[in-house]
Amino acid sequence: MSLDTISSSPLHTQPASLTTHSVPVEHLDYKYIEKCSDLKYLEKILGVLRSGKEGIYPHLTEFCEKHVEKLDPRSRALRKENFPATSASFSKDEWDQITNELQTWENEIKINDVELNKQLFFCNDVNIPPVRGSNCSIQKVTYSGDKAYSKTRHLPRSYQDWDKFDVEKECAKIDETLTTNESAAIIDDSLLKIQSKIDTTGLTEQEKVVLANREKDKGNEAFRAGDYEEAVTYYTRSVYIMPMTTAYNNRAQAEIKLQRWYDVLSDCERVLQLEPHNTKALLRRATAYKQLENLQMAHDDINAVLRSEPNNMSAQRLLEEISKKINAHIHHKPNKGKKLLIQEVEDDDDDDDDDGDEKDDMPCAGGQSAGENRQAAVRGGMGNAQKKAHSGGARGPTANKYKVKAEGEPAAVANRKNLANGNSTAQPANGRPDSPGEERTESTCASGALPPPLARLKNEGNQLFKNGQFGDALEKYTQAITGFTEAAIDSPEDLCILYSNRAACYLKDGNSSDCIADCSRALELQPFSLKPLLRRAMAYESLERYRKAYVDYKTALQIDSSIQAAHDSVNRITRLLIEQDGAEWRQKLPEIPAVPVSLRQHHTAATSSTHLHKENDTQEAARRAEARFTSLKTEGNELVKKGQYQEAVGKYSECLKLKSDECAIFTNRALCFIKLKRFAEAKQDCNSALNLESSNKKAFYRRALANKGLKDYEACSSDLQEVLRLDTSVQEAQQELDEVTALLKQQRATGSPSQPRRDITITEVEDYDEEGDAVKSSSDGEQKSTSQTINLQPSNAYEFGQALNAARSLNDTAACAQLLRTVPPDSLPQYVSTQLDGHTLSFIMKTLDTHLLASEPGVVYQLLDHLHTTERFSMVLMMLNPDERRQMTQLFEHLCSVDCEDFSQNDIKNLANKYI
Amino acid sequence: MSAPLDKPQVVSHSQKSLNYSLFDSKWIPCSAKFVCLGSSCRGTGLMQIYELQHGGIKLVKETEKTKPIKCGTFGASSLQQRHLATGDFDGNLHVWNLEAPDVPVYSVKAHKEIVNAVDGVGGLGIGDGAPEIVTGSRDGTVKVWDPRQKDTPVANMEPVEGETKRDCWTVAFGHAFNDQDRCVCAGYDNGDIKLFDLRNMSVRWEKNIKNGVCSVEFDRKDIQMNKLVATSLEGKFHVFDMRTEHPTKGFASVSEKAHKSTVWQVRHLPQNRDIFMTAGGAGNLHLWKYEYPAKRSEMDGDGEERGVAGTLNLLQNVTLSTQPISSLDWSPDKQGLCVCSSFDQCVRVLIVTKLNRVRSGWGAAVDGRTAPASLGCEQSLQSETPHQTSDQ
């Protein structure tokens with residue numbers, strides 16, 4: 001057979017040249033079939049082979065079938081006539097399984113059957129709807145093909161039917177048809193009409209089981225068809241009839257698809273209450289936790305799954321994702337705590353990417369609480385905000401609660417360890433980690449105003465809550481509340497706590513609306529108490545009423561801005577609202593109530609006074625400072641954007657008071673100064689920035705601008721060159737450089753650079769706000785470089801700063817000494833004011849030590865006595881390096897050794913205390 | 001490639017040759033028994049109850065009626081009563097208490113001619129609302145009955161006077177997802193399919209599939225209309241996606257020509273609405289699975305919503321006999337168990353295996369198992385099905 005020629009020629013043409021119905025014998029060949037990719041033709045070959053016209057080749061037929069299947073597994077040619085399978089078609093095991101299964105079913109169903117017959121007498125028709133309006137008929141439209149007229153006629157309704165006539169419904173129907181006419185397609189809004197509750201009165205257990213299963217099946221089918229909403233409805237019906245784990249579990253899955261994470265959580269928890277080791281529920285809960293950024297819980301759940309099913313692929317994959325997220329989380333979250341830690345301990349530059357040692361730092365004293373906070377935040381699904389509030393140290397009105405904190409935290413740590421070691425994490429009811437810590441706070445808090453029986457009820461409730469029996473706890477709280485109101489006790493605090501606790505139960509039960517009601521009551525009693533606010537926020541969030549949730553979270557944050565979970569939620573909700581409402585989402589928000597400052601302060605005071613752990617205290621303060629710092633900074637940035645530079649300068653200055661090692665603040669303030677044409681100050685700030693970060697191109701650029709403003713074109717040029725050296729792509733710098741070079745040339749051409757023209761400068765810049773204009777208007781006039789000269793008789797702060805800088809840059813202590821001599825000591829603070837930085841201070845110290853001390857110790861004392869009143873003095877002091885400190889100590893030692901009538905030893909000591 | 005045994009297998013459990021013509025067979029809900037309905041050689045009606053017993057079937061009860069019985073349903077009866085509604089050659093609708101089958105509990109002369117098809121809803125917990133029976137007859141009318149109302153139907157769908165009466169071959173309830181909405185679908189010998197809305201008492205949709213409609217069935221009666229399968233005389237069947245109706249194009253559909261002869265009946269698996277069995281005139285059964293498209297509806301050029309039909313997968317096919325299979329019924333209680341009657345006077349009990357593993361297509365059954373267990377519901381839901389069946 002000439003196979004090569006055939007297979008190389010186009011396959012269709014070959015058979016087409018022959019009669020279309022026949023297949024050449026040569027094609028009935030393994031090689032040909034293997035190479036042929038024309039499905040139709042192959043099917044034809046198969047037909048020939050099967051028909052046996054060309055002889056019977058069972059192997060070839062089979063081969064051809066396989067090849068067809070490879071090309072198209074659904075090919076109709078493969079449909080063969082099969083016969084029912086018999087026991088011979090199965091292995092013994094399989095067959096046994098089939099028959100046994102059927103036998104078991106047979107036995108069970110027969111028992112059911114008999115029971116059903118016994119119950120025959122109890123049957124009733126209670127819940128059967130009435131008979132349809134009798135004898136309605138539809139005169140059917142014509143059959144197709146027949147040309148007769150068609151018509152749909154509503155026969156007159158019976159009187160009976162008129163009784164049932166619902167005007168509103170009919171109107172609605174008319175509306176419906178109107179709308180459908182507009183959109184023309186029939187919109188199926190009828191899903192809404194599926195009742196989620198079913199009347200099960202009069203049904204036997206057996207019937208309920210059947211019914212519940214059927215509803216669940218319907219849910220499954222809807223799920224497979226992708227109608228998740230519908231699926232949820234059917235699962236809900238199913239569990240309404242009879243709670244089954246499978247239905248809850250499946251509903252959880254459908255809710256995952258709908259991204260209703262809190263519903264997922266509550267469903268999974270229900271399953272786990274019934275079956276503590278249900279892996280699917282654990283997995284789904286883990287998924288929900290993951291989505292809710294509750295990574296630690298997710299992690300625990302997955303570990304529980306992997307313990308029972310180590311090879312569960314989806315669990316492994318989920319674990320991987322979560323671990324990744326947790327790592328990312330660790331790198332982000334505790335940065336705040338870490339930053340402060342470094343600052344306080346080492347006075348180091350803060351460094352955003354020092355992730356590496358993050359973990360190592362966690363166990364050490366300062367870092368621990370930060371770590372703990374993070375874990376606390378990560379833990380505890382619905383209750384995480386409360387928990388966080390707890391460890392964050394923000395509490396309700398009764399101050400004695402704070403004592404509990406110390407116990408709560410180690411408890412949480414212990415708990416955490418338990419979880420990590422991994423016994424019985426799968427039991428949410430018992431091991432729920434978020435509840436004990438939290439509830440202890442409430443249970444141990446003095447129930448002073450409560451009469452003993454009510455207090456007992458409340459404690460029982462707390463206990464039950466702790467055990468995860470939310471329903472029972474709910475009952476206890478309700479009893480307590482009723483008792484409370486009946487007894488007419490006047491103690492809003494306690495009632496508030498009761499409501500708040502009951503709200504927590506509702507929240508756990510997924511009953512968000514009741515939770516909201518209780519929280520609102522609690523808040524009426526005690527406005528701006530934190531827990532009810534947070535719980536209500538969560539309830540709103542789970543009801544997808546994001547605006548209200550947002551408002552509540554925001555209010556809570558006003559009370560205590562350190563609740564990380566609330567921050568997270570706010571961020572999440574913001575995103576959602578932006579998606580929902582677009583850019584104007586804020587306008588649709590209800591008003592956020594302003595929390596009275598007294599309350600906030602109360603909180604702060606309370607927290608700081610009652611903290612037991614010192615490192616907590618410092619950390620708290622540090623974190624607060626951090627928060628304040630960030631807010632000031634952002635406010636400053638905002639102001640800059642609005643063009644209100646003066647105000648922005650104020651904000652930035654305050655920032656620097658809090659924390660003077662943030663390069664960005666200096667550069668930002670420099671920008672403001674430039675805009676305000678206060679170039680000297682701008683330059684000063686740029687210098688400070690460059691001291692902190694020697695290669696900050698923004699600082700260089702702004703210093704260049706400042707220098708340009710100060711008409712120091714050379715310095716300007718060198719700064720710009722520096723900028724370009726750091727980053728060649730800065731076009732502004734290039735432009736500026738060109739401009740400045742031109743100016744420089746002009747200047748050199750017009751004036752003698754060496755000629756000191758300081759008098760002019762002095763007058764010129766007397767009011768330096770106008771200086772910029774002056775520069776522009778009379779640029780070819782009296783510019784000169786002051787860079788190399790020092791004005792030793794400054795008449796204002798600016799000149800003094802200029803002179804001081806010049807002296808310092810030349811390291812000319814003599815000039816500085818001269819300068820200091822001329823300055824009246826009492827005005828020194830004003831003169832140095834904003835320009836004071838570590839280097840300047842140390843320079844002054846050096847000058848005092850080397851030049852003035854010997855000759856005029858009185859002046860030195862005077863100067864020192866005034867210098868420490870300078871605006872940012874304490875801050876600058878903190879920034880001194882050890883060498884500079886040593887120098888300072890030396891100065892005071894020398895000062896001590898000098899005898900002078902202007903001051904006594906005691907005075908020196910007092911003064912030294914202020915410096916060292 | 002798919003190993004043959006990973007597909008669902010149709011296993012012949014037991015079969016029994018009878019001495020009369022079988023027209024219909026129905027499982028008695030919540031039992032291991034089924035009813036066979038037919039006509040004896042003497043021209044009387046026969047009603048037999050069989051029970052599965054130790055791998056075989058055994059006759060437990062037999063009743064003879066005056067007229068041959070064409071069809072029956074338990075659909076309108078409560079689970080406690082389990083009354084069977086039957087339609088006979090004389091146009092009578094009877095409701096029987098099978099414990100005392102001598103006297104009907106409800107009886108009405110429903111039609112002038114043979115009752116070809118009967119269906120029930122509102123019983124057995126299937127469908128909210130009143131229990132109702134629908135009958136379709138050769139006299140061209142389709143009538144809805146409430147067993148609580150004597151003599152008159154609660155709804156009557158008949159041709160306009162003076163028009164040729166078409167033989168109604170099949171009827172089915174659907175859309176009964178609350179106590180008001182309910183639809184009846186009827187198929188006629190000329191290929192007409194008509195959907196009657198019982199709530200509004202109007203014709204909701206009409207379609208002609210060119211060949212006589214032998215059987216119609218909704219995938220489920222008690223949900224919002226989802227899918228409708230209609231089988232026809234010349235071996236084709238159509239699956240309509242009933243969720244999205246286009247104003248001019250109607251419902252999207254997919255059709256398949258599978259049997260080389262009439263498709264006599266279609267029955268959806270009660271435990272999975274996307275799997276159904278068609279029974280053919282050449283004595284064969286085809287098991288199908290409907291695969292939903294990625295999106296079930298799309299916008300057409302005019303901004304109107306149009307349904308998108310899915311695809312059909314043949315899961316299994318078997319040939320049981322040379323004579324047509326006249327009826328098929330899935331057990332509502334045991335997934336995969338079914339009974340079918342054929343014109344070779346034989347009743348067969350079949351078991352279809354591995355229905356809970358069916359996913360998409362042939363190969364997919366294998367893929368699904370080897371593929372990593374995803375979090376996707378498909379698998380998890382499936383695996384729960386056995387659990388639920390054993391609960392019953």
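The name given to chain B in an unreviewed UniProt entry is Dynein axonemal assembly factor 10, and the organism recorded there is Astyanax mexicanus. The Subcellular location (unreviewed entry) field of the UniProt record for chain B holds the comment "Dynein axonemal particle". As recorded by UniProt, the Function (unreviewed entry) comment attached to chain B reads in full: "Key assembly factor specifically required for the stability of axonemal dynein heavy chains in cytoplasm."

A.B. asks: An account of the overall build of chain A is needed here, citing residue identities and associated values.
C.D. replies: Looking only at helices and strands, one finds 47 helices and 2 strands in chain A. A burial count over chain A gives 49% of its 916 residues as buried. Contacts in chain A between residues far apart in sequence, at least 24 positions, make up 62% of those at least 6 positions apart.

A.B. asks: Describe helix H26 (residues 512–525) of chain A, naming the residues involved and giving the relevant values.
C.D. replies: All names here are of chain A. Across its 14 residues, H26 extends 20 Å between first and last C-alpha, which sits within 8% of the 20 Å expected from 1.5 Å per residue. When we look at burial in H26, the residues that qualify are Ser512, Cys515, Ile516, Asp518, Cys519, Ala522 and Leu523. For H26, the buried positions fall inside an angular range of 165 degrees around the axis, keeping them on one side. Among the structural elements, helix H25 (492–509) and helix H27 (530–542) are those in contact with the buried residues of H26.

A.B. asks: Hey, could you go over the sheet that holds strand E3 (residues 33–39) of chain B for me, with residue numbers and the actual values?
C.D. replies: Strand order in the open sheet made by the 4 strands is E2-E3-E4-E5 (chain B), with antiparallel pairing throughout. The sheet terminates laterally at strand E2 (21–27) and strand E5 (56–65) of chain B, the two strands that pair on one side only. Neighbour-to-neighbour, the strand axes of the sheet open up by a mean angle of 25 degrees, direction not taken into account. Taken together, the 7 bridges between E3(B) and strand E4 (residues 45–53) of chain B define a ladder with antiparallel strand orientation. Among the inter-strand pairings, B:Gly38 is bridged to a residue of E4(B), identified as B:Leu46. In the packing of helix H6 (residues 92–118) of chain A onto the sheet, contacts are made with E3 and E4 of chain B, and the angle to E4(B) comes to roughly 120 degrees.

A.B. asks: Requested: an account of the UniProt feature "repeat: WD" (unreviewed entry) in chain B, with residues and values cited.
C.D. replies: In the numbering used here, UniProt assigns the feature "repeat: WD" (unreviewed entry) to residues 133–146 of chain B. Structurally, residues 133–146 of chain B comprises 0% helix and 64% strand, and the distance from its first C-alpha atom to its last is 6 Å.

A.B. asks: So what's going on with the sheet that holds strand E24 (residues 284–291) of chain B? Residues and values would help.
C.D. replies: Residues and elements named next belong to chain B. Spatial strand order, E22-E23-E24-E27: 4 strands in an open sheet with antiparallel pairing. The sheet terminates laterally at strand E22 (263–269) and strand E27 (311–319), the two strands that pair on one side only. Taking each pair of neighbouring strands and ignoring which way they run, the sheet shows an average axis angle of 25 degrees. The pairing of E24 with E27 spans 8 bridges and is antiparallel.

A.B. asks: Got a sec to walk through the environment of B:Glu64? Specific residues and values, please.
C.D. replies: Residues and elements named next belong to chain B. Of note, Glu64 is situated in strand E5. By relative accessible area, Glu64 is classed as partly exposed at 35%. Once the C-alpha coordinates of Glu64 and Asp102 are considered, the two residues, 38 residues apart in sequence, prove to be 8.7 Å apart. Apart from the residues within four sequence positions on either side, Glu64 is in contact with Ser40, Arg42, Thr44, Gly45 and Leu46. Here the side chain of Glu64 touches Thr44 through a polar contact of 2.5 Å, side chain to side chain.

A.B. asks: Help me get a handle on unusual backbone geometry, residues and values and all.
C.D. replies: Phi angles above zero are rare outside glycine, and A:Lys677 is one such case at about 60 degrees. Relative to the assigned elements, A:Lys677 resides in the loop between helix H33 (663–675) and helix H34 (679–692). In this structure, B:Gln345 takes a positive phi of about 60 degrees despite not being glycine. In this fold, B:Gln345 is placed in the loop between strand E29 (337–342) and strand E30 (346–352). Relative accessible area serves as the criterion here: at 28%, B:Gln345 is assigned to the partly exposed category.

A.B. asks: Lay out the packing of helix H10 (residues 228–241) of chain A against helix H11 (residues 245–258) of chain A in plain terms, naming residues and giving numbers.
C.D. replies: All names here are of chain A. Here H10 crosses H11 at 155 degrees, and the two axes come no closer than 9 Å. Taken together, the axes of H10 and H11 lie roughly antiparallel to each other. The crossing of H10 and H11 is left-handed. Of H11, the residues touching H10 (which contributes Tyr228, Glu229, Ala231, Val232, Tyr235, Thr236, Ser238 and Val239) are Ala247, Tyr248, Asn250, Arg251, Ala254, Glu255, Lys257 and Leu258. Residue composition of the contact of H10 with H11, by class: 9 nonpolar, 3 polar and 4 charged.

A.B. asks: Describe the packing of aromatic side chains, listing the residues and the values that go with them.
C.D. replies: All names here are of chain B. In this structure the tally under the stated criterion is 12 aromatic pairs over all chains. Judged by centre distance (5.1 Å) and plane angle (75 degrees), the rings of Trp205 and Phe240 are edge-to-face. Pair noted here: Trp205 is in strand E17 (residues 202–208) and Phe240 is in strand E20 (residues 236–246), with a separation of 35 residues, a long-range link. The exposure class of Trp205 is buried, given its relative accessible area of 6%. Centre to centre, the rings of Phe237 and Phe276 are 5.7 Å apart; their planes meet at 90 degrees, and the pair counts as edge-to-face. Within this pair, whereas Phe237 is found in strand E20, its partner Phe276 is found in strand E23 (residues 272–280), the two being separated by 39 residues in sequence. In this structure, Phe237 and Phe276 share a single accessibility class: buried.

A.B. asks: Describe the packing of H25(A) against H27(A), naming the residues involved and giving the relevant values.
C.D. replies: Residues and elements named next belong to chain A. For the pair H25 and H27, interaxial distance at closest approach is 10 Å and the crossing angle is 25 degrees. Classed by the angle they form, the pair H25 and H27 counts as roughly parallel. Judged by the sense of rotation from one axis to the other, the crossing of H25 with H27 is left-handed. Contacts between H25 and H27 involve Cys496, Ser500, Asn501, Ala503, Ala504 and Leu507 from the first element and Lys531, Pro532, Arg535, Met538 and Ala539 from the second. Along the lines of polarity and charge, the residues of the contact of H25 with H27 split into 7 nonpolar, 2 polar and 2 charged.

Scoring rules and cut-offs
- Residues numbered from 1 in each chain as written.
- Chains lettered and ligands numbered in written order.
- Predicted model: local features only at pLDDT ≥ 70, side-chain atom pairs only at ≥ 80, totals over all residues.
- Heavy atoms only, no water.
- UniProt positions renumbered as here; feature names shortened; annotations may be inferred.
- Helix = DSSP H or I, 4+ residues; strand = E, 2+ residues; numbered from the N terminus.
- Buried < 20%, exposed > 50% of the residue type's maximum accessible area, 1.4 Å probe, protein only.
- Contact = heavy atoms within 4.5 Å.
- Expected span 1.5 Å × (residues − 1).
- Arc of directions from axis to C-beta.
- Pairing = 2+ DSSP bridges.
- Axes fitted to C-alpha atoms, helices over the stretch in contact; angles between N-to-C directions.
- Polar contact = N/O pair within 3.5 Å; in protein donor to acceptor, adjacent residues only side chain to side chain.
- Parallel < 35°, antiparallel > 145°, perpendicular 65-115°, else oblique.
- Left-handed = near helix turned anticlockwise from the far one by under 90°.
- Nonpolar A, V, L, I, M, F, W, Y, C, P; charged D, E, K, R; others polar.
- Phe/Tyr/Trp six-rings, centres within 6.5 Å; stacked < 30°, edge-to-face > 60°.

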